[in-house]
Amino acid sequence: MKIELQKVLKYFNCFEYSPSFEEIYTFYPRKANQKRLKEYIDKTYRHTLGEYGIESKVKRQKSKVSLNKLHKVKNYLDIIASFPQIRLIGLSGSVAMLNAKENDDIDLFMVSAKNRLWTTRFIVNIAALLYGLKRGRYEKQAKDKICLNLFFSEDHLRIEKKLRTEYMAHEVLQMRPILDVNQTYRKFLRDNDWILSFFPNVRLSRYLPSNVSSIRFVSKSRVHSGSVLFGNILEMILRKAQLLYMAHPKGEERIEIGQLWFHPRDYSRIVKSKV
């Protein structure tokens, strides 16, 4: 157990995060008995956790910083959650883990309705711009700004094989849904059951992320409304306009069928070099 446990702790140490036992068990890389793992940690490993862990007062401070960041963008989140093209809004990154530092931005993951990927991206970016929250394309640090780094269509939720890393498996499970329409979050987990090859102790049918803030989690059902033809034409126009604007990409950017990836840094490589 020692080697596997060290691996879990080293991973979280890359992000200066001190995991709870539930998180250690969730991200333990081998199938394990929960009671036995806890007993092992309590009896033989607890005294060494300090070299990886963070003092509780530091963790409380980061939690406070994270919640304060969420409070600053609450109105923005409420507005974009009202658009019928959006099926899921999820927090990711340091804020989702209540582990943000003062200069961190706020990472969001969006799932759109079918054939509304580019419309969704346009809506949430324009709203962020109007609220003064949009992260600049070339900003290295963007304190309290919105980083819109992942867009999936509801019919393309599965992450392709070449992108399935331990880091990405962490991101799937650490994402915290704020808006969930038509049980899109559960569909997302189900379609990405490959994460079980990294974390076999997770039971996707019962997995629910912990609540991270006073921002209300909304689960609702929506049916399509409005003109399909007009929506399709608008989607085509917005797709062409955005692709033209993105003619010279910056950072780790990928445009796939039904998926858009925008990452200024490839953390998969960074983490792999440290763990």
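Residues numbered from 1 in each chain as written. Predicted model: local features only at pLDDT ≥ 70, side-chain atom pairs only at ≥ 80, totals over all residues. Heavy atoms only, no water.

Participant: Could you clarify how one ought to interpret helix 8 (residues 166–174) in this entry?
Facilitator: By the criterion of burial, helix 8 is predominantly enclosed, with nine of the nine residues buried. Every buried residue of helix 8 is listed here: Glu166, Tyr167, Met168, Ala169, His170, Glu171, Val172, Leu173 and Gln174. (Buried < 20%, exposed > 50% of the residue type's maximum accessible area, 1.4 Å probe, protein only. Helix = DSSP H or I, 4+ residues; strand = E, 2+ residues; numbered from the N terminus.)

Participant: Quick question: what am I supposed to make of the packing of helix 1 (residues 2–13) against helix 8 here?
Facilitator: Each pair of packed helices can be summarised by the angle the axes make with each other and by the distance between the axes. Relative to each other, helix 1 and helix 8 sit at 75°, their axes nearing to 13 Å. Our classification of the angle between helix 1 and helix 8 gives roughly perpendicular. Listed contacts from helix 8 to Lys7, Tyr11 and Phe12 of helix 1 are Glu166, Tyr167, His170 and Gln174. Across the contact of helix 1 with helix 8, the residue classes break down as three nonpolar, two polar and two charged. (Axes fitted to C-alpha atoms, helices over the stretch in contact; angles between N-to-C directions. Parallel < 35°, antiparallel > 145°, perpendicular 65-115°, else oblique. Contact = heavy atoms within 4.5 Å. Nonpolar A, V, L, I, M, F, W, Y, C, P; charged D, E, K, R; others polar.)

Participant: Whenever I open this one, helix 10 (residues 228–245) confuses me. Can you help?
Facilitator: It helps to recall that an α-helix has 3.6 residues per turn; residues three or four apart then point in one direction. Compared with the 26 Å implied by 1.5 Å per residue over 18 residues, the 26 Å span of helix 10 between its first and last C-alpha is a close match. Within helix 10 the residues assigned to the buried category are Gly231, Glu235, Leu238 and Gln242. Along the axis of helix 10, the buried residues cluster in a sector spanning 75°; they form a single face. The outward face of helix 10, more than 90 degrees from its buried face, is lined by the exposed residues Leu229, Phe230, Lys240 and Leu244. Close packing links the buried residues of helix 10 with helix 7 (117–130). (Expected span 1.5 Å × (residues − 1). Arc of directions from axis to C-beta.)

Participant: Would you take a moment to explain the nonpolar core for this structure?
Facilitator: A general feature of soluble globular proteins is that nonpolar side chains tend to end up buried together. Formed by 37 residues in total, the largest nonpolar core has its most connected members in Phe109, Phe152, Ile159 and Leu173. Those elements giving two or more residues to this core turn out to be helix 1, helix 2 (21–26), helix 3 (34–45), strand 2 (106–112), strand 3 (146–153), helix 8 and helix 9 (184–191). Apart from residues no more than four positions distant in its own chain, isoleucine 159 is found in contact with Phe152, Arg164, Met168, Val172, Asn192, Trp194, Gln259 and Trp261. Core analysis: the next-biggest nonpolar cluster, separate from the first, contains 31 residues, Ala81, Ala96, Trp118 and Phe151 among them. (Core = buried A, V, L, I, M, F, W, Y, C linked by side-chain atoms within 4.5 Å.)

Participant: How should I be thinking about the packing of aromatic side chains in this particular structure?
Facilitator: For any two aromatic rings, the description comes down to two numbers: the centre-to-centre distance and the angle of the planes. Across all of its chains, the model carries 15 aromatic pairs by this definition. Ring geometry for tyrosine 11 against phenylalanine 12: centres 5.9 Å apart, planes inclined by 85°, an arrangement best described as edge-to-face. Pair check on accessibility: tyrosine 11 and phenylalanine 12 agree, each one buried. Seen from their ring centres, phenylalanine 151 and phenylalanine 262 are 6.4 Å apart, and the 80° between their planes marks the pair as edge-to-face. Placement of the pair is phenylalanine 151 in strand 3 and phenylalanine 262 in strand 7 (residues 259–263), with a sequence separation of 111 residues. By the burial criterion, phenylalanine 151 is buried, and phenylalanine 262 matches it. (Phe/Tyr/Trp six-rings, centres within 6.5 Å; stacked < 30°, edge-to-face > 60°.)

Participant: Would you mind showing me how to read the pattern of salt bridges here?
Facilitator: Side-chain pairing between opposite charges can occur once the charged atoms of the two side chains come close. As enumerated under the stated definition, the model contains 14 salt bridges in all. Here glutamate 16 makes a salt bridge to lysine 101, at a shortest N to O gap of 3.3 Å. Placement of glutamate 16 in the loop between helix 1 and helix 2 and of lysine 101 in the loop between helix 6 (93–96) and strand 2 is noted, with a sequence separation of 85 residues between them. Here lysine 72 ties to aspartate 144 by a salt bridge, and the two come within 2.8 Å at their closest N and O atoms. Of this pair, lysine 72 sits in helix 4 (residues 56–72) while aspartate 144 sits in the loop between helix 7 and strand 3, and the two are 72 residues apart along the sequence. Among the charged side chains, a network of salt bridges with common partners joins Glu160, Lys162, Arg254 and Glu256. (Salt bridge = Lys/Arg side-chain N within 4 Å of Asp/Glu carboxyl O.)

Participant: Would you mind going over the environment of aspartate 144 with me for this structure?
Facilitator: A residue is classified by how much of its surface remains accessible, and aspartate 144, at 11% relative accessible area, is buried. C-alpha of aspartate 144 to C-alpha of asparagine 103: the two residues are 41 residues apart in sequence and 7.1 Å apart in space. Setting aside residues up to four positions removed in sequence, aspartate 144 forms contacts with Lys69, Lys72, Val73, Glu102, Asp104, Asp105, Ile106 and Leu133. Within the structure, aspartate 144 has its side chain in polar contact with the side chain of lysine 69 (distance 2.7 Å). Among the polar contacts listed, one links the side chain of aspartate 144 to the side chain of lysine 72, at a separation of 2.8 Å. (Polar contact = N/O pair within 3.5 Å; in protein donor to acceptor, adjacent residues only side chain to side chain.)

Keep in mind these values describe shape, not function.
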